[in-house]
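Summary of structural features
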Amino acid sequence: MKFTLGWLREHLDTTATPERIAAALTALGIEVEGLHDPAATLGAFTAAYVVEAVQHPNADKLRVCRVETADGTVQVVCGAPNARTGMTGLFAPVGSTVPSTGLVLTAAKIRGVESHGMLVSERELGLSDEHTGIIELPAAPPVGTPAAAALGLDDPVFEVAITPNRPDCLGVRGIARDLAATGIGTLRPDPAAAVAGRFPSPIAVGLHFAPGTEDACPIFAGRLIRRVANGPSPEWLQRRLRAVGLRPISALVDITNYVSYDRARPLHVFDAAKVQGEIHARLAKSGEAVAALDGRAYTLDDTMTVIADETGALSIAGIMGGEPSAVTTETRDVFIESAWFDPIRAAATGRRLNIASDARYRFERGTDPEFVVPGLELATRLVLDLCGGEPGEVVVAGEPPDLRRRIAFDPARTGTLAGLDIAPGDQEAILISLGFAVRSDGTVIEVTTPSWRPDVMGAADLVEEVARVHGYDRIPALPLPPVSPVTRPAVSPAQNRVRWAKRALAARGLAEAVTWSFTARAAAAQFGGGDESLLLENPISSELDAMRPNLLPNLLAAAQRNADRGAADFGLFEVGPQYAGDRPEDQATAATALRLGAAAPRHWAGGQRAVDALDAKADALAVLEACGAPVDNLQVTTDAPVWYHPGRSGVLRLGPKALGYFGEIHPRVLEALDIAGAPIGCEVLLDAIPPTKVRPGKARPILDAPDLMPVERDFAFVLDRDVPAANVLRAVRGADKALIQSASVFDVFEHPSLGEGRKSLAIAVTLQPRERTMTDAEIEAVAARIVAAVEKATGGRLRA
């Protein structure tokens, strides 16, 4: 929204400077995006008189001009066809900068003739696209007159950002009303007086809507004016429209644009000779077409409102007029339309037709329904003043909708909601200055909203009105009261687990991936998903039409894309949600890792080996340990989900609860997803990890670092091949929890000499004494307990 200072002062009696007005607007919530003073931009250009203009001796299309300027007479070579002796134009001296091009003028020879300066056109000054000739000042101001004054552009221009809830500020008077409420000036009386009609209107108006759709246009008013003279609008109106970025067209069209910016009241004028019968508002017929003023034809549907006559639709209501009924310089009788259109229907119509117009911009935000007829009267007065003519009587169909609201307002709420201590009488005065009607019984105030404020819904909105006029900067800065003497953690344990899981997997050399929460239905079916309840009604892609039941399908697709580009050995991980159903409890957070190709060898190892299920198990255990799970108490079972390779996968359980899965991806899944290689993966269900026990108090536990050397012993047990190593390790650790610090497998041996279906499992055990050095007898006693525990738990015996 743009307006000039002079335009504002037609509604606001003020002597405030532009800078003070800009500061007041921003404080009111009307953000000033720019304050442009054309006088500063055009400061180097002045009025100059062409003493003589003669033909250039060496060019047919150039003229040599002797120009009288404020600094004396200079010679200028000019190529404009309208350059002639006796005209007054605008002169750009040597050293000045042309606004449209940024060119700095210098003295030059043009076809052998010296030129000192330039006579400029409107386009060169950035005023318009007109470049057929140089500017000619018809009033012939004195030589040296600043260009801005000579052109009538010495009026600062404000550019403000209007939020969608303030349609009243899309007119200059609405902005003036807000400024007057702050005391920066006084709002002038409303000059929209009624104009008496001299004859009954031969054109009737009507509303033709089916029951239930009357709200599309509840009021429609119009007036016929005979014998108008439609030509160029006066200079003051053209300057005002140009200042706000509008191109003057003709007096009648310029008047409607002026009223739209002045009062936020869009209007439309029809050539009355092109209207057949009654003019009315109705819903369009499906397939009905309108040739609009922008030169395009639009096909409408039955949700859009049109203005029509007996022949069909004349314009798209609230959006754009039609070309066949548009006024021209030949127009003698005009019909002015003023109506109120439903904002939602106007917005939907404009969006569907992809039309952005000033009318749509105002109607979709909500215009003042009670200014329909007064706006028509204002336009009538302007037409009579600028175009002459004889006005007919105003004809009205329907009545304006009552958008006023009556709100019970307690002034004390301004203190509780805004923190401002303002006397009730002062609050009433602020609301009255903004146009609200106030009735008070001494305690509770009944406030009636004005028809131009559809955004005020309740008492909290009234508090906002009082606070912004009183001044947001006057709200005292107070610290928030503490809600608890004990500081609560900024993040929850579940949020911490996500961070810990990411850190653990990244530390193991995996790269984090962030994929969609959607996947293809076929891929989801391979991982237990693809149910109808998890399909998307409006997917962003046909390949992303289902919520992911697991993070693995998207990681597998990402891995294949990397492999296709030559990345043979790599690992990816993602921590995020997965969905087993459409209920809130069916969403779970998982930390999932995927490896493909060769495992990174240790520095002492020769060659490389392919990743296997144990690498995936190590990834899962690293996440579980980082998240505080009791890793030493976990059990490994072989009942992994069906998307894992049977016999090369496992489940990490704490009692009956599964905390995670690991293993090779099933070949059937890889074939279905067209994945090459033998990737391995793991999943850790972060929500299933039991909460970490938090000890009371903030003190850290005492450092327990034993000062005695540990004792290491190796055991080799012969047992059945199908006995899991985890069962042996659990039995070893349970033999003496006080002394056994760790136990790990370092060798597996199978040979016919051990017996059919038998294997040898070598275990390294570390004993850590606490009080004194262990004797051989004590070590042997612990070893005996280990052997006995393994034999009891697994049936294994010590290998001879």
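As shown above, the structure is provided for reference.
What comes next is a walk through the structure. All of these numbers come straight from a predicted model, not from anything done at the bench. (Residues numbered from 1 in each chain as written. Predicted model: local features only at pLDDT ≥ 70, side-chain atom pairs only at ≥ 80, totals over all residues. Heavy atoms only, no water.)

**What about the packing of aromatic side chains?**
When we look at a pair of aromatic rings, we describe it by the centre distance and by the angle of the planes. What counts, and what does not: Aromatic rings from Phe, Tyr and Trp, with only the six-membered ring used for Trp, were paired whenever their centres fell within 6.5 Å, and each pair was classed as stacked if the ring planes differed by under 30 degrees, edge-to-face if by over 60, and tilted otherwise. Helix and strand assignments come from DSSP, with helices taken as H or I runs of at least 4 residues and strands as E runs of at least 2, each series counted from the N terminus. Each residue gets one of three labels from its accessible area relative to the maximum for its type: buried under 20%, exposed over 50%, partly exposed in between, using a 1.4 Å probe on protein chains only. Any Lys NZ or Arg CZ found within 6 Å of a ring centre and within 35 degrees of that ring's normal is scored as a charge over the ring.
This model, assessed by the stated rule, comprises 8 aromatic pairs. Taking 5.1 Å as the distance between ring centres and 75° as the angle between the ring planes, the aromatic pair formed by phenylalanine 341 and phenylalanine 363 counts as edge-to-face. With phenylalanine 341 in the loop between β21 (334–340) and α8 (343–353) and phenylalanine 363 in helix α9 (residues 358–363), this residue pair connects regions lying 22 residues apart in the sequence. On the basis of relative accessibility, which here comes to 3%, the residue phenylalanine 341 falls in the buried class. Taking 5.6 Å as the distance between ring centres and 45° as the angle between the ring planes, the aromatic pair formed by phenylalanine 527 and tryptophan 643 counts as tilted. Of this pair, phenylalanine 527 sits in the loop between α15 (521–525) and β29 (546–547) while tryptophan 643 sits in the loop between β34 (635–637) and β35 (644–654), and the two are 116 residues apart along the sequence. Exposure remark for tryptophan 643: the relative accessible area of 12% places this residue in the buried category. Through a chain of ring-to-ring contacts, three or more aromatic side chains come together here, namely Trp7, Trp236 and Tyr258. Its end group placed over the ring of phenylalanine 199, arginine 226 keeps NZ or CZ at 3.8 Å from the ring centre. If you follow arginine 365 out to its NZ or CZ, it ends over the ring of tyrosine 361, 3.8 Å from the centre.

**Here we look at helix α2 (residues 18–27)**
For clarity, the threshold we go by: What the arc covers is the set of directions going from the helix axis to the C-beta atoms. By definition in these notes, contact holds between two residues if any of their heavy atoms fall within 4.5 Å.
Turning to α2, its buried residues are Pro18, Ile21, Ala22, Ala24 and Leu25. What you see down the axis of α2 is that its buried residues fit within an arc of 165°, all on one side. Away from its buried face, by an angle of more than 90 degrees, α2 presents the exposed residues Glu19 and Arg20. Looking at the buried side of α2, the elements it contacts are β1 (2–4), α1 (5–9), β3 (31–36), β11 (157–161) and α5 (172–181). Looking one or two residues beyond α2, the residue adopting positive phi is glycine 29, at roughly 95°.

**Things to note about the environment of alanine 520**
With respect to the helices, strands and loops of the structure, alanine 520 is situated in the loop between β28 (518–519) and α15. Considering only alpha carbons, one finds alanine 520 and aspartate 545, 25 residues apart in sequence, at a separation of 5.5 Å. Non-local contacts of alanine 520, meaning those with residues more than four positions away in its chain, are made with Glu543, Leu544 and Asp545.

**Considering the sheet that holds strand β26 (residues 445–448)**
Here is the rule we go by: Any two strands between which DSSP finds at least two bridges are classified as paired. Note on geometry: axes are lines fitted to C-alpha atoms, helical ones only across the stretch in contact, with angles between N-to-C directions running from 0 to 180 degrees.
If you walk across this open sheet you meet the 3 strands as β24-β26-β25, and the pairing is antiparallel. Taken across any chain shown, the strands that pair with only one partner, and hence form the sheet edges, are β24 (406–409) and β25 (437–440). Ignoring strand direction, the axes of neighbouring strands in this sheet form an average angle of 25°. Of the strand pairs in this sheet, β25 and β26 are connected by 4 bridges, and their pairing is antiparallel. Among the inter-strand pairings, valine 438 is bridged to a residue of β26, identified as valine 447. Of the strands in this sheet, β24, β25 and β26 are in contact with helix α12 (residues 424–433), which crosses β25 at around 155°. The strands touched by helix α13 (residues 459–470) within the sheet are β24 and β26, with β24 carrying the most contacts at an inclination of about 75°.

**A word on the sheet that holds strand β40 (residues 758–767)**
Picture the strands of a sheet paired through backbone hydrogen bonds; they go either parallel or antiparallel. Read across the open sheet, the 4 strands follow the order β39-β40-β38-β41; overall the sheet is antiparallel. On the outer flanks of this sheet lie β39 (740–749) and β41 (797–798), each paired with one strand and no other. The sheet contact formed by strand β38 (residues 711–720) and β40 spans 10 bridges and is antiparallel. Its bridge partner being in β40, glutamate 712 is matched across the sheet by threonine 766. The strands touched by helix α19 (residues 725–735) within the sheet are β38, β39 and β40, with β39 carrying the most contacts at an inclination of about 150°. Sheet contacts for helix α20 (residues 776–794): β38, β39, β40 and β41; angle to β38, the most-contacted strand, approximately 25°.

**Some points on the nonpolar core**
Selection criterion: We call a set of buried Ala, Val, Leu, Ile, Met, Phe, Trp, Tyr and Cys residues a nonpolar core when their side-chain atoms join them within 4.5 Å.
Leu8, Ile21, Leu25, Val160, Ile175 and Leu179 are the most contacted members of the largest nonpolar core, which totals 74 residues. With 8 residues, the top contributor of residues to this core is helix α10 (residues 372–387). With sequence-adjacent residues up to four places away left out, valine 160 is seen in contact with Met1, Phe3, Leu25, Ile30, Glu31, Val32, Glu33 and Ile175. Residues Leu552, Ala558, Ala590 and Val684 belong to the second largest nonpolar core, which totals 49 residues.

**With respect to the environment of isoleucine 134**
In this fold, isoleucine 134 is placed in the loop between β10 (118–119) and α4 (147–151). Here isoleucine 134 falls in the buried class, since its relative accessible area comes to 8%. Spatially, the C-alpha atom of isoleucine 134 lies 32 Å from that of valine 228, the residues being 94 residues apart in sequence. Residues within four places of isoleucine 134 in sequence aside, it is in contact with Cys78, Ala80, Asn82, Ala83, Met87, Leu119, Val120 and Ser121.

**Here's the deal with the packing of helix α7 (residues 251–263) against α10**
Each pair of packed helices can be summarised by the angle the axes make with each other and by the distance between the axes. To be explicit about the condition: Note that the term roughly parallel is reserved for angles under 35 degrees, roughly antiparallel for angles over 145, roughly perpendicular for angles of 65 to 115, and oblique for everything else. The sense of a crossing depends on the near helix, which, turned anticlockwise from the far helix by less than a right angle, makes the crossing left-handed and, turned clockwise, makes it right-handed. Basically, the charged four are Asp, Glu, Lys and Arg, the nonpolar ten are Ala, Val, Leu, Ile, Met, Phe, Trp, Tyr, Cys and Pro, and anything else, Gly included, counts as polar.
Two elements in contact, α7 and α10, have axes separated by 10 Å at closest approach and are oriented at 140°. What the angle tells us is that α7 and α10 run oblique. By crossing handedness, the relation of α7 to α10 is classed as right-handed. Here Ala251, Leu252, Ile255, Tyr258, Val259, Asp262 and Arg263 of α7 lie close against α10, whose contacting residues are Leu378, Ala379, Leu382, Val383, Leu386 and Cys387. Across the contact of α7 with α10, the residue classes break down as 11 nonpolar, no polar and 2 charged.

**Brief notes about the side chain of serine 96**
Condition: Identification of polar contacts relies on pairs of N or O atoms within 3.5 Å, with a donor-acceptor requirement for protein atoms, meaning one able to donate a hydrogen and the other able to accept it, and with residues adjacent in sequence counted only if both atoms are side-chain atoms.
Within the fold, serine 96 resides in the loop between β7 (88–92) and β8 (108–110). Among the polar contacts listed, one links the side chain of serine 96 to the backbone oxygen of proline 93, at a separation of 2.6 Å. In contact with serine 96, other than residues within four places in its own chain, are Ala44, Phe45, Leu103, Val104 and Leu105.

**Description of the side chain of aspartate 615**
With respect to the secondary-structure elements, aspartate 615 resides in helix α17 (residues 613–626). Side-chain polar atoms of aspartate 615 contact the side chain of arginine 609, separated by 2.9 Å. Apart from residues no more than four positions distant in its own chain, aspartate 615 is found in contact with Arg508, Arg595, Ala599, Arg609, Ala610 and Ile680.

**Details of the environment of serine 760**
Looking at the secondary structure, you find serine 760 in strand β40. For serine 760, a relative accessible area of 3% gives the class buried. In this structure, the C-alpha to C-alpha distance between serine 760 and arginine 332, residues 428 residues apart in sequence, is 111 Å. In contact with serine 760, not counting residues within four places along its chain, are Ala716, Phe717, Val718, Asp747, Val748, Phe749, Leu754 and Arg799. Of note is the side chain of serine 760, whose polar atom sits 3.3 Å from the side chain of arginine 799.

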